[in-house]
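Commentary on secondary and tertiary structure
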Amino acid sequence: MREVFVAGFRNGIIRRWSVALRSKPHKDRAHPYQGIIADLPRGTLVQITGQQDGWLAVTAKLQGRTLHGYVSQETVEPSTAHPSKVHYELVPYGDVVIVKEVPAHQLNKARNALTGEQLQKQLSHHSVPTVPQAVMAGYYNSLLHVPAFERHAPALVAANPKNPNGWRGSLGELSAKNKGLFPPLDLNIIRTNHPVFDLKDPFGGLNSVKTSVPSPGARGAPHATYLKGLAEMLGLKTNKYNLARESLYPDLPAAEGKALMMRNGYVTVNANDVKSFRAALEDPANYTKKAYWQLADQLLTLKPVSINGKTYLSYQALRALQLAPGTTQSARQTIDKALRDIRQQLAGRVKSNGITTRPLVNLQSFRLKVERANPTMTPGQLEGWLLPELLMLEKHGGGLRGNLKAGGISGGRGSMGGMVVAMAFEGGGMLLNEQLPPDAGVRLGKVGFAGGASGLAGGLTETLVAGNMGSAMARQLISKGAVPRFAASIGRGFGSAAGGSVAAPVFSMAMLAMDDQEHSTTDYVATGTRALVGGTVGGILTAMGTGALAGSVVPGLGTVAGIIIGGVGYFITDYLVGDKIEQGVRRSMGP
């Protein structure tokens, strides 16, 4: 047996994820779960009172209880700390202070080690709330399972669609605003219904957002709406262009402001139309039509083409010169290259607004059904029960197909979010120590898997429950006179509670399953039930905290509030009743 007594003390620390504390120094191979008193989590300090063969007799404190039993000796490492004291250190990082757990063997190196009680007093004195890392990793996915478009769509979808083009255009702008990594500036905030351009991206680009849904049997040009958008963006409507210039560049000379708009402007169109519209703009056959050659003429005003000392500002004039009998072969090649460059420049001004035609059609069809089914509800009331999860289902067609697709998307987003957040918390904790543990990679892999599984289950569950039962509940409340925002919080809270009640147990039981110890069915049920209660309460408070600040003009503030409120709710719930729930389950199920 290795030495476990350090400096005269008989103290050790549990170094595996979870270790079974047994009533006897023996493990029955036929009945491996018999005699398990409790599971000691990693980091638990134990006082060693004896040794028998490969077992250590220990005393440990767990959730306020003093336990006596036996653990396998290879699961314990020496510790110089007092058996009932875990120590922490406050480490400054720039403008913040991070709480770092001090390993027992590094206590003598810590500048100012605090016991748990001392740390709590310090935090309480400065009104700092505390949330366990595992709690955050277990349910954080529920805040990210719905894409940004759906999260911000209820107010726009609820608006009266008397002007279908304007209604769809608002959804297109919302999609374009939320599709990138860096959010653009909404120019409509600067000026209502901003002329020509709708968004300004962080790199100076000016985005004119267009959407198009052809009417059944329509015979017009397939890209007519987009061509009009390009014409406006390139200044063919002089009055609107001047208004845009005055709004965007009020302090610059007119010519300089116009040049900037011409250089930085582009059009975003339905995602499924980008390829075909670019191809149409690159097709020379289309430039016999005014809708196309007038666009080329606008680019030629920026960069004219000179042939044999003569300057040309017209696409048609250049084309005529190219076909003229007396034009040299060299001049024809120069003209051909110039015209091709112009067509490619126009095609390069076309980007995706992030949404395809089919979701626009689906949402418009759904909105008309809502109108017919709820003729007396105002847009504000409709917004209260048109929850983001419901719009996600309907965006993908509704019914079984919409539920399956939306659930799959939410599950995938939740899985990625849960995995990344869980690994970030675990890895961050490791980096705060002076040395990485030898099993760092394995630990990160296990935590990432558990976080991913938790996020998958929680995101899928929350979307399906909130999108169906939650929205129906909110609608019923509003029809009986409830305030729409309150009804929305209840509906989303119902879905979030369902997601949390699944995500938290999955995380806890996955970590239990992947440690190196054997656990009984009772262990899984007790641990899972405890996490279920905390996850349910935390999920409800997350949704209500997010909903409370849903109208905030500060991006993400509602989500941050949801994280804090939900996390603290989980923590408080687990602190107050978690141990009672777990022990109650264990007693009811027997040994």
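Everything that follows concerns the structure shown earlier in this document.
Let me begin by describing the structure that accompanies this report. Fair warning: this is a prediction, and the values are worked out from it, not measured in the lab.

With three bridges connecting them, strand β1 (residues 11-14) and strand β4 (residues 45-52) associate as antiparallel partners. Looking at β4, one finds that I13 is bridged to L45. In the sheet, β4 pairs with strand β5 (residues 55-62) via six bridges, with the strands oriented antiparallel. From the neighbouring strand, Q51 faces β5, where its bridge partner is L56. With antiparallel pairing between neighbouring strands as the criterion, β4 and β5 make up a hairpin whose turn holds two residues, including D53 at a positive phi of roughly 55 degrees.

Here we take up the environment of K200. Among the structural elements, K200 can be located in strand β12 (residues 199-200). Along the chain, K200 and K177 lie 23 residues apart, while their C-alpha atoms are 9.5 Å from each other. If sequence neighbours within four positions are ignored, K200 has contacts with P184, L185, L187, G205 and L206.

A few words now on the packing of helix α11 (residues 290-302) against helix α13 (residues 329-348). It is the contact of α11 with α13, at a shortest axis distance of 10 Å, that shows an interaxial angle of 100 degrees. With respect to α13, the element α11 is oriented roughly perpendicular. Contact with α11, carried on its side by L295, A296, L299 and L300, involves I342, Q345 and L346 of α13 and no other residues of that element. Considered class by class, the residues forming the contact of α11 with α13 number six nonpolar, one polar and no charged.

This next bit is on the pattern of salt bridges. Should their charged atoms come close, side chains of opposite charge can pair. Taken as a whole, this structure holds nine salt bridges when the rule is applied. Taking the shortest distance from any N to any O, the salt bridge between E371 and R367 comes out at 2.8 Å. Linking E371 with R367, this pair stays in helix α14 (residues 357-373), spanning four residues, or about one helical turn. In this structure, R492 engages E389 in a salt bridge whose closest nitrogen and oxygen atoms are separated by 2.6 Å. One end of the pair, R492, is in helix α19 (residues 484-513); the other, E389, is in helix α16 (residues 388-395), with 103 residues separating them in the sequence. R492 sits in the partly exposed class, given a relative accessible area of 22%.

One pass over the structure, following the stated rule, counts four aromatic pairs. On the basis of an interplanar angle of 65 degrees and a centroid distance of 5.6 Å, the ring pair of Y287 and Y292 is categorised as edge-to-face. Here Y287 and Y315 contribute two aromatic rings whose centre-to-centre distance is 4.8 Å and whose plane-to-plane angle is 25 degrees, an arrangement assigned as stacked. Linking Y287 in the loop between α10 (274-282) and α11 with Y315 in helix α12 (residues 315-323), this pair joins segments that are 28 residues apart in sequence. Across the pair, Y315 and Y287 agree in class, each one buried. Here K351 stacks its cationic end above the ring of Y266, 4.1 Å away from the centre of that ring.

Rules of the game
Residues numbered from 1 in each chain as written. Predicted model: local features only at pLDDT ≥ 70, side-chain atom pairs only at ≥ 80, totals over all residues. Heavy atoms only, no water. Pairing = 2+ DSSP bridges. Helix = DSSP H or I, 4+ residues; strand = E, 2+ residues; numbered from the N terminus. Contact = heavy atoms within 4.5 Å. Axes fitted to C-alpha atoms, helices over the stretch in contact; angles between N-to-C directions. Parallel < 35°, antiparallel > 145°, perpendicular 65-115°, else oblique. Nonpolar A, V, L, I, M, F, W, Y, C, P; charged D, E, K, R; others polar. Salt bridge = Lys/Arg side-chain N within 4 Å of Asp/Glu carboxyl O. Buried < 20%, exposed > 50% of the residue type's maximum accessible area, 1.4 Å probe, protein only. Phe/Tyr/Trp six-rings, centres within 6.5 Å; stacked < 30°, edge-to-face > 60°. Lys NZ or Arg CZ within 6 Å of the ring centre and 35° of its normal.

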